[in-house]
Amino acid sequence: TQLYILIGALILGLAGGFLLMGRDVTLNVNGTTSILHTRGLTVSQALNGAGYKLQPGDEVDPAANTWLNTVDEIKLVQSRPVLLWVDPDGTVSQLTSAEGTARGSLVQAGISPADEDVVRVNGRKVGLDDPLKLGQGIALQYQPAFPLQITEKGDTKTLAVPASELLGLSLWENGIKLIGADKLSLPFGQQVKAAMQISLVRAVPVTIVADGEETKTLTGAATVGEALQQNGITLQNLDYSEPDEAS
């Protein structure tokens, strides 16, 4: 019996000595690596000793209950609050996420973004798969893209434009430059909130001679009469124009 007691005491002494000595493991927190000297028996104990208390949503590898004697490196990605704004309705929600990209956070929120959709993080436009700084709360704005069909001189092309952007800005960003006299079938400053179909009539130079005075201007008018009205000229009584105002 005394022999068993001595052996048990020896084992406890060795274990206690091992714990007092501790060991070094590599600790990677949100992408930043350091060497951690710990006396913890498990991954969670090592993290607690380093000042990292695991929170819901945190991602740790290996698992928190893993015995430390088989571990050389611990990776921890801390979750962070994400304030999610979804256009065009302006729906706001909040989630806790350890995802490192905007796409990852959107998928976590139940949204499957398309590559042409637009996202902004803290007001700055970023790519769906651009790496985001971990461990810090963010405001994430999601602008799904809608199809915009634009017809010019009988030719129709389809663009993908983000929700809530101004129509004119969307055209400009897609290489369609407008001047003030060009004629759009919808207002230049209208917000994109759904699929849209528009027509574009480019302005052309015209010369108007009225009462001996010559005016050179640009117009997107469909008829001579409309072009005259745009320039403050209204035909009355015996007035006439060449070509005819209906032309």
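Now for a quick tour of the structure. Within every chain, residues take consecutive numbers counted from 1 along the sequence as written. Where totals are concerned, whole chains, interfaces and linings use all residues; where local detail is concerned, this predicted model gives features only for residues with pLDDT of at least 70, and gives and counts side-chain atom pairs only at 80 or more. Excluded from the side-chain calculations are hydrogens and water; all other atoms, namely the structure's heavy atoms, are used.

1. Describing unusual backbone geometry
Cis geometry is adopted by the peptide bond preceding proline 62, which originates at aspartate 61 and carries an omega value of 0 degrees. The helix count covers DSSP runs of H or I at least four residues long, the strand count covers runs of E at least two residues long, and both are numbered beginning at the N terminus. Position of proline 62 among the secondary structure elements: in the loop between β3 (59-61) and β4 (73-77). You will see that asparagine 30, though not glycine, has its phi angle at about 55 degrees, which is positive. Examined against the element boundaries, asparagine 30 turns out to sit in the loop between β1 (23-29) and β2 (32-38). Although it is not a glycine, serine 164 sits at a positive phi angle of roughly 75 degrees. Here serine 164 lies in the loop between β11 (155-162) and α4 (167-173).

2. Focus: the environment of glutamate 214
Mapped onto the elements, glutamate 214 comes out in strand β15 (residues 213-219). Each residue's exposure class comes from its accessible area (1.4 Å probe, protein chains only) as a fraction of the maximum for that residue type: buried when under 20%, exposed when over 50%, partly exposed otherwise. Overall, the relative accessible area of 54% leaves glutamate 214 in the exposed class.

3. Comments concerning the pairing of strand β10 (residues 145-152)
We treat two strands as partners when DSSP finds at least two bridges between them. Where β10 lies against β11, eight bridges are found, and the strand directions are antiparallel. Opposite alanine 145, over in β11, you have proline 162 as the bridge partner. With antiparallel pairing between neighbouring strands as the criterion, β10 and β11 make up a hairpin whose turn holds two residues, including lysine 153 at a positive phi of roughly 55 degrees. Examined bridge by bridge, β10 and strand β13 (residues 196-201) share four bridges and lie parallel to one another.

4. Section: the nonpolar core
Put simply, buried Ala, Val, Leu, Ile, Met, Phe, Trp, Tyr and Cys residues joined by side-chain atoms within 4.5 Å make one nonpolar core. With 15 residues, the main nonpolar core has Leu148 and Leu171 as its most contacted residues. Counting only elements with at least two residues in this core, the list comes to β10, β11, α4 and β13. We call two residues in contact whenever any of their non-hydrogen atoms come within 4.5 Å of each other. Ignoring anything within four residues of it in the chain, the contact list for leucine 171 reads Leu148, Ile150, Leu159, Ile176, Leu178, Leu184 and Ile198.

5. Focus on the side chain of glutamine 143
Along the chain, glutamine 143 falls in strand β9 (residues 138-143). The class for glutamine 143 is buried, based on a relative accessible area of 3%. Only 3.0 Å separates the side chain of glutamine 143 from the side chain of arginine 120, close enough to count as a polar contact. At 2.8 Å, the side chain of glutamine 143 forms a polar contact with the backbone oxygen of alanine 163. Whenever a nitrogen or oxygen atom comes within 3.5 Å of another N or O atom, the pair is scored as a polar contact, on the condition that within protein one atom can donate a hydrogen and the other can accept it, and that pairs from neighbouring residues in sequence are kept only if both atoms are in side chains.

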